[in-house]
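Breakdown of the fold
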Amino acid sequence: MTTKKNRAFLKWAGGKYSLIDAISAKLPDAKKLIEPFVGAGSVFLNTDYSQYLLNDINPDLINLYKILQVNPAAYIADSASLFVPANNNADCYYTLRQKFNLSSDTYERAVIFLYLNRFGYNGLCRYNQKGIFNVPFGKYLAPYFPHKELEYFAQKAQCATFTCLPFEKVFARARAGSVIYCDPPYAPISKTAFFNSYATNGFSLENQSTLASLANKAAYQRNIPVLISNHDTELTRELYKNAMLTELQVSRFISQKGDARKKVGELLALYVN
């Protein structure tokens, strides 16, 4: 595993940069790492497998990664052109957001996606039911352009394959000699959080159960180890009862007002023969 920690070029809710050491310590050796929920890619960026299969259900995210993999110089230059003071205001942000939502050009969407990620509120990536990106302007003093992070991702992406599939199909593609790391949309911490959580990310209780079942089968029937991150709750402990569990405490804003950073329990569930 790598020693120097590499940051993702995207801001991402639930990113795993702060947990890299704990996750890396539990990931078994293998030829290939498969991530059905790659997100911003912190685990990918901080491990040393010879091959990667990186998947996400968000087509804009995977489209961006494929473009950066194939044509990094042009993409970095074009996306950097948006990171100027004149674009750091609400009018420009909402104009570019509308352009993004109306565009069917994959390259144009990829360039604007990075701008929206860095200039938008709290690095959120959120769409309404019609697929319209609706994150508001972030009001940051000087959004950071992640030039070095983009270059590193592009370099490391040469040993990766990117897909945009349901997680069940990614499990079906896995073969012996691989290890699977899953960072799904987290189960709600409390019952009262259930509806808000699932209305936004579309990952249901049935999905959580299916993921645990697939991990169980992959490890114990197909000899493919699986590591899953999730909240530490009664639900997840029941779902992952056949795995080896590691408890973590993670600092996270859990107040709606964002004024209270508290420790939240997380689990690493390792399925391995």
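Residues numbered from 1 in each chain as written. Predicted model: local features only at pLDDT ≥ 70, side-chain atom pairs only at ≥ 80, totals over all residues. Heavy atoms only, no water.

Under an unreviewed UniProt entry, the protein has the name Site-specific DNA-methyltransferase (adenine-specific) and belongs to Paraglaciecola hydrolytica. Check the Catalytic activity (unreviewed entry) section of the UniProt entry for the protein; it says "a 2'-deoxyadenosine in DNA + S-adenosyl-L-methionine = an N(6)-methyl-2'-deoxyadenosine in DNA + S-adenosyl-L-homocysteine + H(+)". A UniProt comment under Sequence similarities (unreviewed entry) is attached to the protein, and it reads "Belongs to the N(4)/N(6)-methyltransferase family." (UniProt positions renumbered as here; feature names shortened; annotations may be inferred.)

A short note on the confidence of the model for the protein
Across the protein, the average pLDDT comes to 92, with 90% of residues at 70 or higher. Counted against residues more than four places away or in other chains, residues 194-200, with its pLDDT under 50, gives 11 contacts. (pLDDT = per-residue confidence, 0-100. Contact = heavy atoms within 4.5 Å.)

Observations concerning the UniProt feature "binding site: S-adenosyl-L-methionine" (unreviewed entry) in the protein
The UniProt entry lists W12, K16, D56 and D183 under the feature "binding site: S-adenosyl-L-methionine" (unreviewed entry), expressed in the numbering used here. Within the secondary structure, W12 is located in the segment before α1 (20-26). With relative accessibility at 23%, the residue W12 sits in the partly exposed group. Those residues in contact with W12 that lie beyond four places of it in its chain are G39, A40, L61, F113, N117, G123 and C125. By the element assignment, D56 lies in the loop between β2 (51-55) and α3 (59-70). A residue is classified by how much of its surface remains accessible, and D56, at 11% relative accessible area, is buried. Not counting residues within four places of it along the chain, the set of residues in contact with D56 comprises P36, F37, V38, G39, L61, I62, T163, C164 and L165. Within the structure, the side chain of D56 is placed 3.1 Å from the backbone nitrogen of G39, a separation counted as a polar contact. (Helix = DSSP H or I, 4+ residues; strand = E, 2+ residues; numbered from the N terminus. Buried < 20%, exposed > 50% of the residue type's maximum accessible area, 1.4 Å probe, protein only. Polar contact = N/O pair within 3.5 Å; in protein donor to acceptor, adjacent residues only side chain to side chain.)

Quick look at the state of the cysteines
Here the structure, examined in full by the defined rule, presents 0 disulfides. In this structure C164 is a free cysteine whose sulfur lies 12 Å from that of C125, the closest cysteine sulfur available. (Disulfide = S-S within 2.5 Å.)

Things to note about the pattern of salt bridges
Scanning the model with the defined rule gives 6 salt bridges in all. Here D183 ties to K16 by a salt bridge, and the two come within 3.0 Å at their closest N and O atoms. Residue D183 is found in the loop between β4 (178-182) and α9 (194-201), and its partner K16 is found in the segment before α1; the two are separated by 167 residues along the sequence. Between E108 and K99 there is a salt bridge whose closest N-O contact spans 3.6 Å. We classify E108 as partly exposed; its relative accessible area is 27%. (Salt bridge = Lys/Arg side-chain N within 4 Å of Asp/Glu carboxyl O.)

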